[in-house]
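A structural walkthrough
So the chains spell out like this:
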Amino acid sequence: MPYKILQQKVSGIISQKSLTVGNRLTQICELLQSSLDFYDWVGFYFANHEQKTLHLKAYAGEETDHTVIPFGKGICGQVAVSNQNFVAEDVQAQNNYIACNINVKAEIVIPLFKDGKNIGQIDIDSNTSNPFTKKDERFLEWVNEQISLIL
Ligand code: SME
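In this report, the structure presented in the accompanying data block is examined. (Residues numbered from 1 in each chain as written. Predicted model: local features only at pLDDT ≥ 70, side-chain atom pairs only at ≥ 80, totals over all residues. Heavy atoms only, no water.)

1. Some remarks on the sheet that holds strand β5 (residues 106-114)
- Taken in spatial order, the six strands make up an open sheet running β3-β2-β1-β6-β5-β4, and their pairing is antiparallel. Where the open sheet ends on each side, the last strands, each with one partner, are β3 (68-70) and β4 (86-88). Adjacent strand axes in the sheet meet at a mean angle of 25°, parallel and antiparallel pairs treated alike.
- Relative to β3, strand β2 (residues 53-60) is paired through three bridges, and the arrangement is antiparallel. Among the inter-strand pairings, Leu54 is bridged to a residue of β3, identified as Ile69. (Pairing = 2+ DSSP bridges. Helix = DSSP H or I, 4+ residues; strand = E, 2+ residues; numbered from the N terminus. Axes fitted to C-alpha atoms, helices over the stretch in contact; angles between N-to-C directions.)

2. With respect to the state of the cysteines
- Enumeration over the complete set of coordinates arrives at zero disulfides.
- Among the cysteines around Cys29, which has no disulfide bond, Cys76 carries the closest sulfur, lying 12 Å off. (Disulfide = S-S within 2.5 Å.)

3. Focus: the nonpolar core
- Ranked by internal contacts, the top residues of the largest apolar core, which has 31 residues, are Ile28, Leu32, Tyr39, Phe44, Phe139 and Leu140.
- Mapped by element, the contributors of at least two residues to this core are α1 (3-14), α2 (21-35), β1 (41-48), β2, β5, β6 (117-126) and α4 (134-148).
- When residues no more than four places from it in sequence are discounted, the contact partners of Tyr39 are Tyr3, Leu32, Gln33, Ile124, Asp125, Phe132, Asp136, Phe139 and Leu140.
- Residues Ile69, Ile75, Cys76 and Val79 belong to the second largest nonpolar core, which totals 15 residues. (Core = buried A, V, L, I, M, F, W, Y, C linked by side-chain atoms within 4.5 Å. Buried < 20%, exposed > 50% of the residue type's maximum accessible area, 1.4 Å probe, protein only. Contact = heavy atoms within 4.5 Å.)

4. A short note on the site of the ligand
- The full set of residues close to the ligand is Trp41, Tyr45, Ile69, Gly74, Ile75, Cys76, Tyr97, Ile98, Cys100, Glu107, Asp123 and Asp125.
- With respect to the ligand, the backbone of Ile75 contributes an N or O atom lying 2.9 Å from an oxygen atom.
- Ile98 places a main-chain nitrogen or oxygen 2.7 Å from a nitrogen atom of the ligand.
- Put simply, the parts of the chain that give the shell around the ligand at least two residues each are β1, α3 (74-82) and β6.
- The biggest single contributor to the shell around the ligand is α3, with three residues. (Near = heavy atom within 4 Å. Polar contact = N/O pair within 3.5 Å; in protein donor to acceptor, adjacent residues only side chain to side chain.)

5. Concerning the packing of α2 against α4
- At their nearest, the axes of α2 and α4 sit 12 Å apart, and the two run at 165° to each other. Of the possible angle classes, the one that applies to α2 and α4 is roughly antiparallel. Relative to α4, α2 is oriented so that their crossing is right-handed. In contact with Leu25, Ile28 and Leu32 of α2, α4 contributes Phe139, Leu140, Val143 and Ile147. (Parallel < 35°, antiparallel > 145°, perpendicular 65-115°, else oblique. Left-handed = near helix turned anticlockwise from the far one by under 90°.)

Read these as layout, nothing more, since geometry by itself doesn't imply function.
And the structure:
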């Protein structure tokens, strides 16, 4: 599905004020995971800045054991600290990586900012090698900006 159409669908989900934020996040995960064949697992983690941990709030794809991730650990934990996008073209080449599923080949994590503060992130695992492009980065940054408006 083209990213333009996906943007319209994400906007439609975001504007459903009768749903909880958690429900809307789950719907966005399900939309992205089912619409792009190289998005095999899609989830949102949110930060607890006091405990320095990330907590899984919504996801689509296989269940994961990694519902709480310390800042600094894995790709997700590194993004909690760096405030930068992280595109791991080949997760096997990463020495600070938490494996959720042996089929995963690549991962992208984009921080989510509210009022300039890194409060969470969208995390996507792919079973395809090196599938993510700048288009994914821009699209996912946009998704996170839309979500920050309802938080
Ligand atoms: N691979 C991630 C952990 C989360 S799972 O992908 C769901 C990481 O290295 O932080």
